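Structural description and commentary
Here is how the chains run, residue by residue.
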Amino acid sequence: MANARLLVALPGLLAVVALAFAGCGGPDDDTPGEGAARPRIALVMKSLANEFFETMAEGARAHHEAHSDDYDLIVNGTRNESDLAQQVALVEQMVASGSDAIVIAPADSRALAPALARAQAAGVVIVNIDNRLDAEVAAGAGLDAPFVGPDNRDGARRVGEVLAERLAPGDQVAIVGGIPTAFNAQQRQAGFEDAMNAAGAEIVDTQSGGWEQAQANSVAAAMLREYPELRALLCANDNMALGALAARRQSGRDDVLIVGFDNIDAVAELVAEGEILATADQHADRLAVFGIEAALEILGGGEAGERQTPVDVVTAPD
């Protein structure tokens, strides 16, 4: 696979490595429009410190290895979940380096739309994965990109229903949410609320944990102090569930139930052990692949539309 271009962006070195890639030359290093035999696809994710996105990157690399004659792949991620400026910069770098398509899991459902619209206007195919872009903002920016990803609200509702089986009407629960401007965070919160309202539970608090373990730990610790009758913490991703679990252990409140979302390995083990009640598996290893396949279809002259990807609830074995 000497002709394949594979870039792994490491936290703190992303911009330097991406630009170095753009400047690398060779007899087969053709950019689109200069006789390139294969399209160049850039995968732009959020924080590679999150195991979910590491797994997504690994799945994309495995797919590329099996199809290296069909396309070249560039893999990028940001330093943390909320680094919007870096993600915008990565989009611009991928356009400048001659990418034919960008498959992106946006850190923010609104803020990335203008940069992606500029990329699309420059002739780059855009495929939106994982976190849906805000439809109104995207339309206003002139961006038309298919969404390939899960129904986050339904997945969170089903995780919440597993929790509801352990609750009584009137039990107090709290939600540790993601970044409020992210559509998937909004949808997961709504799904948790659907399940808790149907069960008659009382949602006493909802705060953002910013998708990050440390921030969620602080938020959960404060909730546990403020609400001595709290029965459960519903966390919008597994990183935050790990932070909530650490807070629960510190507080000695072993009766407080915790659910998450993503099914990262660390949480899958804790679910199996009964430390965390449930999580949702949205198949990170396939999610970017679905987006890459959609991009290849468009580049081949097809019209890839919206695609809903699977979400499965994960609980301890019976």
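Residues numbered from 1 in each chain as written. Predicted model: local features only at pLDDT ≥ 70, side-chain atom pairs only at ≥ 80, totals over all residues. Heavy atoms only, no water.

**Considering the overall build of the protein chain**
Regarding its fold elements, the protein chain presents eleven helices and 13 strands. Residue burial in the protein chain is summarised as follows: out of 318 residues, 54% are buried. Partitioning the contacts of the protein chain with sequence separation of at least 6, the portion at a separation of at least 24 is 73%. Carbon and sulfur atoms provide 47% of the accessible area of the protein chain, an area that totals close to 12800 Å². (Helix = DSSP H or I, 4+ residues; strand = E, 2+ residues; numbered from the N terminus. Buried < 20%, exposed > 50% of the residue type's maximum accessible area, 1.4 Å probe, protein only. Contact = heavy atoms within 4.5 Å. Areas by Shrake-Rupley, 256 points an atom, 1.4 Å probe, with all protein chains shown as cover.)

**Digging into helix H4 (residues 113-121)**
Buried within H4 we find Ala113, Ala115, Leu116, Ala117 and Ala119. Where H4 is buried, its residues touch helix H3 (84-96), strand E4 (101-104), strand E5 (125-129) and helix H5 (135-141). Phi turns positive one or two residues past the end of H4, at glycine 123, with a value near 100 degrees.

**Description of the packing of aromatic side chains**
Counted under the stated rule, the structure contains one aromatic pair. Relative to phenylalanine 53, the ring of phenylalanine 52 lies with its centre 5.1 Å away and its plane at 90 degrees, an arrangement referred to as edge-to-face. (Phe/Tyr/Trp six-rings, centres within 6.5 Å; stacked < 30°, edge-to-face > 60°.)

**Observations concerning empty space enclosed by the protein**
Following the criterion strictly, the structure yields one cavity of 30 Å³ or more and no others. Volume-wise, the largest cavity comes out at about 80 Å³. As for the largest cavity, its lining consists of Lys46, Asn50, Phe52, Phe53, Glu81, Asp130, Asn184, Arg188, Trp211, Asn237, Asp262 and Gln282. When residues of the lining of the largest cavity are traced back to their parent elements, those giving at least two are helix H2 (51-66) and helix H7 (183-199). Of the residues contributing to the lining of the largest cavity, the split by class is three nonpolar, four polar and five charged. (1 Å grid on protein atoms, 1.4 Å probe; cavity = no way out; pocket = protein on both sides within 12 Å on 5 of 7 lines; lining within 4 Å. Points joined across faces, edges and corners; volume = space filled by probe spheres on them. Nonpolar A, V, L, I, M, F, W, Y, C, P; charged D, E, K, R; others polar.)

**Observations regarding the confidence of the model for the protein chain**
For the protein chain, per-residue confidence averages 90 on the pLDDT scale, and 89% of positions sit at 70 or higher. Low pLDDT, under 50, characterises residues 1-35; the stretch is placed with 58 contacts to residues that sit more than four places away or in other chains. (pLDDT = per-residue confidence, 0-100.)

**Brief notes about the nonpolar core**
If you look at the biggest cluster of nonpolar residues, it comprises 59 residues, and the most contacted ones within it are Leu43, Ile129 and Leu233. The greatest single-element share of this core, amounting to seven residues, is contributed by helix H11 (residues 284-299). If we skip the residues at most four places from it in the chain, isoleucine 129 touches Leu43, Met56, Val103, Ile104, Ala105, Pro106, Phe147, Val148, Leu287, Ala288 and Gly291. Ranked by size, the runner-up nonpolar core spans 21 residues in total, among them Leu167, Ala195, Leu257 and Leu277. (Core = buried A, V, L, I, M, F, W, Y, C linked by side-chain atoms within 4.5 Å.)

**What to know about the packing of helix H6 (residues 152-164) against H7**
Here H6 crosses H7 at 35 degrees, and the two axes come no closer than 7 Å. In the crossing of H6 with H7, the sense of the turn from one axis to the other is right-handed. Across from Asn152, Arg153, Ala156, Arg157, Val159, Gly160, Glu161, Leu163 and Ala164 in H6, the residues of H7 making contact are Asn184, Gln187, Arg188, Ala190, Gly191, Phe192, Asp194, Ala195, Met196 and Ala199. (Axes fitted to C-alpha atoms, helices over the stretch in contact; angles between N-to-C directions. Left-handed = near helix turned anticlockwise from the far one by under 90°.)

**Some words on H3**
Here H3 is 13 residues long and its end C-alpha atoms lie 18 Å apart, about the 18 Å a rise of 1.5 Å per residue gives. Residues of H3 that are buried include every one of Gln86, Gln87, Val88, Leu90, Val91, Gln93 and Met94, and no others. (Expected span 1.5 Å × (residues − 1).)

**Observations regarding the pattern of salt bridges**
Pairing is possible between side chains of opposite charge, provided their charged atoms come close. Tallying each qualifying case throughout the model produces 16 salt bridges. With its nearest N and O atoms 3.4 Å apart, the salt bridge here joins glutamate 92 to arginine 118. Of this pair, glutamate 92 sits in helix H3 while arginine 118 sits in helix H4, and the two are 26 residues apart along the sequence. Glutamate 275 is the salt-bridge partner of arginine 248, the closest N and O atoms lying 2.9 Å from each other. Linking arginine 248 in helix H9 (residues 238-251) with glutamate 275 in the loop between helix H10 (265-273) and strand E11 (278-281), this pair joins segments that are 27 residues apart in sequence. Relative accessible area serves as the criterion here: at 27%, glutamate 275 is assigned to the partly exposed category. One network of salt bridges, in which partners are shared, links Asp154, Arg157, Arg158 and Glu161. (Salt bridge = Lys/Arg side-chain N within 4 Å of Asp/Glu carboxyl O.)

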